[in-house]
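Coordinate analysis (summary)
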Number of protein chains: 2
Amino acid sequence: MSGRLIVIGLGPGEVPYMTAQAVDALACADWFYGYGPYVDRVVDINDPRRVVSDNREEGARAREALALAARGECVAMLSGGDPGVFAMASAVCEQIERGPQAWRELSLEVVPGVSAMLAAAAACGAPLGHDFAAISLSDNLKPWALIERRLLVCAGAGLVMALYNPISKARPWQLGVALERLREVLSPGTLVIFARAAGRPDERITLSTLEEARAEQADMATLVIIGSEETRRVERPGQAPLIYTPRFAPGHDPEATGSQG
Amino acid sequence: MSGRLIVIGLGPGEVPYMTAQAVDALACADWFYGYGPYVDRVVDINDPRRVVSDNREEGARAREALALAARGECVAMLSGGDPGVFAMASAVCEQIERGPQAWRELSLEVVPGVSAMLAAAAACGAPLGHDFAAISLSDNLKPWALIERRLLVCAGAGLVMALYNPISKARPWQLGVALERLREVLSPGTLVIFARAAGRPDERITLSTLEEARAEQADMATLVIIGSEETRRVERPGQAPLIYTPRFAPGHDPEATGSQG
C-alpha cells in the first residue's frame, strides 16, 4: 500500500501565508481535492488533477480522496487556514474510522497552516494573547443550546473567543442571538473584532463593542473575535488602534508587582 | 518616523513550518530580538544583529526593541509558534500602551505563524476538530484558582483543551493538579496527548488517557491536549493511532441523520 493522503493547510488566503512544508506537499500530489475557492488558490483552473466540490460535502469528498489514495495515488486535500480547525482533517479521520480497513493502512499526513483566527488576531494586535476559545457558531452539526452554553461559560470564565462560521445565508440569525446572549454576561464596552478576509488583499478589520456590534457586520468570510473584560484598545495617531489582551490577569501585572517567577 | 517593529512567528520549530511572509520579514530586519533558542533557528550565532534574552524578560525585551525601532531601525522580534498565542505580540502591545507616545507612531506588524497546538494536533490527526480552548497553565501571571476554574468549565462544556506552558522547573506541580481536577469532571478514558517538540526532528507524541496520564510525561517543550468525551482513537496497523474529535456533537452526525444543511 503506497497510497498517501496529505491534508494541507493553505493558511488564511494568500500564498505568502503558506508554509514551505505546504508548498512541498503540493508539489508531490497527483490529485487536488477541496472546496473550489481553496483549490483555485494553488492549482490552475484548467489543471485536470483538480477535483472540486461544495463546502457542504466534506464527508463525500473525504471518501473519494481516500478511495483514490487506496489505489496508490498521492492525493492532496486542500483546506483554507489550518486543516485541523473546523476543517477537513477531522472529516478525513471520521471517514477513515468508518471506512474499509485499507484506509487505515494509508499514509495520512496533516500539514498545519495559519488558522484564520491567528491571521485575524495578527491584523489588529494580539487579542488572543491570553486564554481563549475557538467556537464554531454553525448549528448544522451541534444543537444551538450547546453553542450558547459554551459561549456563556467561556465568556463568564474570562476567555476571549474566536467565532468561526458566524453567519451564512442558511444560518442568518445565530450570530445576532449569540451577541444578545453575550450582552447578558459581558459589559457593553467589551471589544468585538470583525475580521473579514484576514490575510487577503481585501482584508477588512472592523472594531466594535459588544453594545454596538450587529450581526450584519459579518459574512461567511468573517472571523469574529469577542474580547474578554481585559481586552484593551490602544489608540494610535494616523493608524488603526491596537487591540490586545494582556498576558496577565488583573492584579498579576509582573511589572507592577515584581511577582513574575 | 520610519521605525518598524515586526513581531514574527517562526512556527513550531523547523524552517519548513515558516510562512513565506515570515521569511520575507526576516530578510528586511536590521535587528533580531528574542529568546535565544528562537533566534538561533534563523540567525547565525555570530551575527552582530542578534539581541537575545531570557524567556522571562518579555517586558524588558519589548521595550528595548521598541526604543530601537523608534530610532528608525527595522527590528524583528522573534517568537516560536504564533506570536499572538502566549507569546511576544501581547508583551509588545502592553509596552506600547505604557510607553512614550512615539511608540504608538511606529509601524507595528505581527506576522502570524503555525502555533504549537496546530502542529501538535496535525501530528496525531485532528484532536482540535471541534470547539476547543487554549489555556496556559502558568500561574506566573494569573492566580491558580482562575486556571482551575477555566479548566473545569471548559471540560464541563465539552471543549477540547490545548494546554500551553504545562510544567517547568519553577512550576512543577501545576499540571499534576490540573489532571487531578479534570479527573473529577471527565471520564477516566478521556484521551490525553503529550506532544513534545511538535514539528521538530525530535518530535515525540505520547498518547494516554486521563486515568493514566502523569505530569512527568511533560516538560517545558510539551504541549498537552486534553480531549473531550467525544475525542476518538482509531487504531491503524503498523502506524500510530489517529486521534480526532468529530466535527459533530452526539446525535448530530450529518451522515447518520441527513440533517446537514
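Reading the values: the criteria
- Residues numbered from 1 in each chain as written.
- Chains lettered and ligands numbered in written order.
- Predicted model: local features only at pLDDT ≥ 70, side-chain atom pairs only at ≥ 80, totals over all residues.
- Heavy atoms only, no water.
- Salt bridge = Lys/Arg side-chain N within 4 Å of Asp/Glu carboxyl O.
- Helix = DSSP H or I, 4+ residues; strand = E, 2+ residues; numbered from the N terminus.
- Buried < 20%, exposed > 50% of the residue type's maximum accessible area, 1.4 Å probe, protein only.
- UniProt positions renumbered as here; feature names shortened; annotations may be inferred.
- Axes fitted to C-alpha atoms, helices over the stretch in contact; angles between N-to-C directions.
- Left-handed = near helix turned anticlockwise from the far one by under 90°.
- Contact = heavy atoms within 4.5 Å.
- Nonpolar A, V, L, I, M, F, W, Y, C, P; charged D, E, K, R; others polar.
- Pairing = 2+ DSSP bridges.
- Right-handed = clockwise from strand over helix to strand, strands pointing away.
- Core = buried A, V, L, I, M, F, W, Y, C linked by side-chain atoms within 4.5 Å.
- Polar contact = N/O pair within 3.5 Å; in protein donor to acceptor, adjacent residues only side chain to side chain.
- Domains from an automatic or database assignment.
- Buried area = accessible area lost by both parts, 1.4 Å probe.
- Least-squares fit on C-alpha atoms with pLDDT ≥ 70 in both.

With the rule as written, the count across this model stands at 36 salt bridges over all chains. Note that Arg 150 of chain A is salt-bridged to Asp 131 of chain B, the shortest N-O span being 2.7 Å. Of the two residues, Arg 150 of chain A sits in helix α7 (residues 144-156) while Asp 131 of chain B sits in the loop between β6 (125-126) and β7 (132-136), which places them in two different chains. Of the two residues, Arg 150 of chain A and Asp 131 of chain B, both sit in the buried class. With a shortest N-O distance of 3.4 Å, Arg 214 of chain A and Glu 216 of chain A are connected by a salt bridge. On the basis of relative accessibility, which here comes to 46%, the residue Arg 214 of chain A falls in the partly exposed class. For Glu 216 of chain A, a relative accessible area of 60% puts it in the exposed group. Through salt bridges with shared partners, one network takes in Arg 63 and Arg 98 of chain A together with Asp 253 and Glu 255 of chain B.

In this section: the UniProt feature "domain: Tetrapyrrole methylase" (unreviewed entry) in chain A. The residues that UniProt annotates with the feature "domain: Tetrapyrrole methylase" (unreviewed entry) are residues 4-213 of chain A. Between the C-alpha atoms that bound residues 4-213 of chain A there is a distance of 45 Å. The span itself is 36% helix and 24% strand.

Let's shift gears to the packing of helix α7 (residues 144-156) of chain B against helix α8 (residues 174-183) of chain B. All names here are of chain B. Remark: α7 packs on α8, axes separated minimally by 10 Å, with the N-to-C direction vectors making an angle of 40°. Of the two elements, α7 crosses α8, and the hand of that crossing is right-handed. Residues Trp 144, Glu 148, Leu 151, Leu 152 and Ala 155 of α7 lie in contact with α8, whose contacting residues are Gln 174, Val 177, Ala 178, Arg 181 and Leu 182. Its residues assigned to classes, the contact of α7 with α8 comprises seven nonpolar, one polar and two charged.

With that settled, consider the pairing of strand β8 (residues 160-164) of chain B. Residues and elements named next belong to chain B. The buried fraction of β8 is high, at five of five residues. Alternating positions in β8 separate into two faces, Val 160, Ala 162 and Tyr 164 on one and Met 161 and Leu 163 on the other, with burial throughout. Relative to β8, β7 runs parallel, the two sharing five bridges. Across the sheet, Ala 133 pairs through a bridge with Met 161, a residue of β8. Once you follow β7 into α7 and on to β8, the crossover reads as right-handed. By the bridge criterion, three bridges tie β8 to strand β11 (residues 222-226) in an arrangement that is antiparallel.

Moving on, we get to the sheet that holds β6 of chain B. As summarised here, the arrangement of the three strands in space is β6-β13-β12 (chain B), forming an open sheet in which the pairing is mixed. The open sheet has two free edges, formed respectively by β6 and β12 (232-236) of chain B, since each of these has just one partner strand. As defined by bridge partners, β12 of chain B adjoins strand β13 (residues 239-244) of chain B across four bridges and the pair is classed as antiparallel. Bridging from a neighbouring strand, Arg 233 of chain B pairs with Ile 243 of chain B of β13 of chain B. Packed onto the sheet, helix α4 (residues 88-98) of chain A meets β6, β12 and β13 of chain B and runs at close to 120° relative to β13 of chain B.

What follows concerns helix α6 (residues 116-124) of chain A. Residues and elements named next belong to chain A. Summarising burial for α6: seven of the nine residues are buried, a large majority. The set of residues buried in α6 consists of Met 117, Leu 118, Ala 119, Ala 120, Ala 121, Ala 122 and Cys 124. Gly 125 sits one or two positions beyond α6 and adopts a positive phi of about 135°.

Okay, the pairing of strand β13 (residues 239-244) of chain A next. Residues and elements named next belong to chain A. Note: strand β6 (residues 125-126) against β13, two bridges, orientation parallel. From the neighbouring strand, Gly 125 faces β13, where its bridge partner is Ile 243. Once strand β12 (residues 232-236) ends, the chain turns through two residues before running back antiparallel as β13, passing Gly 238 with a positive phi of about 75°.

With 52 residues, the main nonpolar core has Met 161 of chain A together with Met 161 of chain B as its most contacted residues. When near neighbours in sequence (up to four residues on either side) are disregarded, Met 161 of chain B contacts Ala 133, Ile 135, Leu 151, Cys 154, Ala 155, Leu 182, Val 224, Ile 225 and Ile 226 of chain B. Core analysis: the second largest hydrophobic core is formed by 42 residues, Ala 162 of chain A together with Val 114, Met 117 and Ile 243 of chain B among them.

Between chain B and chain A, the contact holds 85 residues from the first and 84 residues from the second. Joining chain B to chain A, the criterion identifies 16 salt bridges. For Lys 142 of chain B, the salt bridge is made with Asp 131 of chain A, and the minimal N-O distance between the two is 2.5 Å. Our enumeration of links across chain B and chain A arrives at 48 residue pairs in polar contact (both at pLDDT 80 or more).

Residues and elements named next belong to chain A. Structurally, chain A comprises domain 1 (4-114) and domain 2 (117-254). Taken residue by residue, the interface counts nine residues in domain 1 and 12 residues in domain 2. Across the domain 1/domain 2 interface, buried area totals approximately 810 Å², and carbon plus sulfur atoms make up 67% of it. Remark: the boundary between domain 1 and domain 2 carries zero salt bridges. The tally of links between domain 1 and domain 2 comes to zero residue pairs in polar contact (both at pLDDT 80 or more). Here the residues of the side of domain 1 that touches domain 2 are counted per class, giving five nonpolar, two polar and two charged.

In this section: the relation of the copies chain B and chain A. Mapping chain B onto chain A is achieved by rotating through 180° and translating by 0.0 Å along the same axis, at an RMSD of 0.0 Å. Here the copies are linked by what is in effect a two-fold axis. A share of 99% of interface residues in chain B that are also interface residues in chain A marks the association as one of identical surfaces.

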